[in-house]
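Single-letter residue listing:
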Amino acid sequence: MRMTKASARLIERERVCRVATAGGRRMPHLVPVCKALAGGKIYFASGNDGRKAHLKGVMVQGRARLIPREAQLDASDSVVVEVTPTRVFTWGLK
């Protein structure tokens, strides 16, 4: 699925996005991450041991995969995750 231009512009403009996960006990965990948008995909980094009211926003659901260490952009990144959007929800955008 491709994002609309308005969705991509909002994601690019915002410095931080939030990533929500749920553990084995189904407890949600929401953390802010700095991200990059390239080629219609969203990238963010996290440590190996990490779990990862506005008037307008974008929520992206998608398939995630770990990027091999040798392909990472910065040697200080422990983990880089690539997200391929499958559903994009927006609110407050034209």
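Anything mentioned here points back to the structure above.
Note that the structure is a prediction, hence the values are computed from the model and not measured.

Enquirer: Would you explain the overall build of the chain in this entry?
Expert: Looking only at helices and strands, one finds one helix and five strands in the chain. When the helices and strands of the chain are placed in sequence order, the string is α-β-β-β-β-β. Among the 94 residues that make up the chain, the fraction classed as buried is 26%. Of the roughly 7,200 Å² of accessible surface on the chain, 54% is carried by carbon and sulfur atoms.

Enquirer: What is the right way to look at helix 1 (residues 5–13) in this model?
Expert: An α-helical turn contains 3.6 residues, so any two residues separated by three or four positions project in the same direction. Buried within helix 1 we find S7, A8, L10 and I11. Along the long axis of helix 1, the arc covered by the buried residues comes to 160 degrees, so they all point the same way. Away from its buried face by more than 90 degrees, helix 1 exposes K5, E12 and R13.

Thresholds, definitions, all that
Throughout, a residue's number is its position along its own chain's written sequence, starting from 1. With pLDDT at 70 or above as the cut-off, local features in this predicted model cover only qualifying residues; side-chain atom pairs require 80 or more to be listed or tallied, and sums for whole chains, interfaces and linings still use all residues. To get the side-chain values, take all heavy atoms of the structure and skip hydrogens and water. Only DSSP runs of H or I with at least four residues qualify as helices, and only runs of E with at least two residues qualify as strands; both kinds are numbered from the N terminus onward. Partly exposed residues are those whose accessible area sits between 20% and 50% of the maximum for their type, while under 20% is buried and over 50% is exposed, using a 1.4 Å probe and protein chains only. Where accessible areas are quoted, they stem from the Shrake-Rupley method and a 1.4 Å probe; at the residue level, only the protein chains shown are allowed to cover. Think of the arc as the fan of directions from the helix axis to the C-beta atoms.

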